Amino acid sequence: MRALPVASRAGAGRAARSRPHRALARHPRGARRRGSGAAAAAAASASESADLVARLTAERDQLRAGVLDGATEAGAALRDGLRDDRVRRAERATRLTAKRVDTAMVALWRLQAFHHPDPKRTGSCTCGRTLPACGESRILEGVRQEMLDWERRNLDLLRAGERHGLPPEHPDVASGSPAR
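Below is a summary of the structure that appears in this document. (Residues numbered from 1 in each chain as written. Predicted model: local features only at pLDDT ≥ 70, side-chain atom pairs only at ≥ 80, totals over all residues. Heavy atoms only, no water.)

**Some thoughts on the nonpolar core**
In terms of nonpolar packing, the biggest core is built from eight residues, these being M105, V106, W109, M147, W150, L155, L158 and L166. Breaking this core down by element, the ones donating at least two residues are α4 (73-114) and α6 (144-160). With four residues, α6 is the largest single contributor of residues to this core. Leaving out residues up to four positions away in the same chain, L155 has contacts with L166, H170 and D172. (Core = buried A, V, L, I, M, F, W, Y, C linked by side-chain atoms within 4.5 Å. Buried < 20%, exposed > 50% of the residue type's maximum accessible area, 1.4 Å probe, protein only. Helix = DSSP H or I, 4+ residues; strand = E, 2+ residues; numbered from the N terminus. Contact = heavy atoms within 4.5 Å.)

Given below as C-alpha cells:
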C-alpha cells in the first residue's frame with residue numbers, strides 16, 4: 001500500500017461523507033423539521049411505556065400488600081387459581097397420607113396374624129410363646145385397637161366398592177364377598 005500525501009489524507013475524510021450528511025451539515029434546520037415526526041412518535045412511545053410501568057408497579061404493590069379483592073379481574077383470577085392449587089395440594093397430601101397409613105396398618109395386620117392371643121391357650125401367643133415373652137405381641141397390644149378400627153373402616157369401604165387399604169390376602173378381599 002502506498003502512502004498518501006498529507007494533504008490527500010485530510011481531504012479523504014471529507015470525500016468519504018455521503019451527500020445526505022453534507023446536506024445536514026449545511027441545513028440543520030431542515031433536519032429538525034424532517035425529524036419532528038419521529039420525535040413525536042418517540043415521545044408518545046415513552047409516554048405509553050411510562051403508563052404501563054406505572055400500572056404494573058401499582059399491581060405489584062397491590063399483590064405484595066396481599067390485597068386480592070374480587071373487584072379487579074386480575075385479583076379474582078389470582079385468588080381462584082391459588083385456592084384451586086391449595087385444594088389440589090391438600091387433596092394429594094391427604095391421599096399420600098392415607099396410603100402411608102394403609103401401608104403401615106397392612107404391615108401390622110400381617111404381623112398380628114402370627115402374633116395374637118391364642119384362644120385355645122390362655123396367656124399364650126399364637127406363635128407358641130407366652131404373651132409376656134412374645135415381643136411382637138407386646139408391641140401390637142398397644143396399637144391393636146387402632147388396627148382393628150382401621151380394618152373395620154376399610155371393610156366398610158370394600159363393601160361400598162371404594163378404594164380400600166386391605167391387603168390381598170385378607171379373607172374378605174380374597175373371597176370377593178365381604179362379610180357383613
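There's plenty left to go through after this.
**Description of the pattern of salt bridges**
Summed over all chains, the structure comprises nine salt bridges. The partner of D85 in a salt bridge is R88, and the shortest N-O contact between them spans 3.7 Å. Highlighted residues: D85 and R88, both in helix α4, separated by three residues, approximately one helical turn. A relative accessible area of 26% places D85 in the partly exposed class. Note that E169 and R110 form a salt bridge whose closest N and O atoms lie 2.3 Å from each other. Placement of the pair is E169 in the loop between α6 and α7 (171-175) and R110 in helix α4, with a sequence separation of 59 residues. Residue R110 is classed as partly exposed on the basis of its relative accessible area of 38%. (Salt bridge = Lys/Arg side-chain N within 4 Å of Asp/Glu carboxyl O.)

**Some thoughts on the side chain of D102**
Within the element layout of this structure, D102 appears in helix α4. Classification of D102 by relative accessible area gives buried; the value is 9%. What D102 contacts, discounting residues up to four positions off in sequence, is W150, N154, R163 and G165.

**A word on a nonpolar patch on the surface**
Side chains of L63, L78 and L82 sit close together on the surface and give an oily, nonpolar patch of about 240 Å² of accessible area. Locating L82 in the fold gives a position in helix α4. (Patch = residues over 30% accessible without salt bridge, like charges linked within 9 Å, V, L, I, M, F, W, Y side chains within 5 Å. Areas by Shrake-Rupley, 256 points an atom, 1.4 Å probe, with all protein chains shown as cover.)

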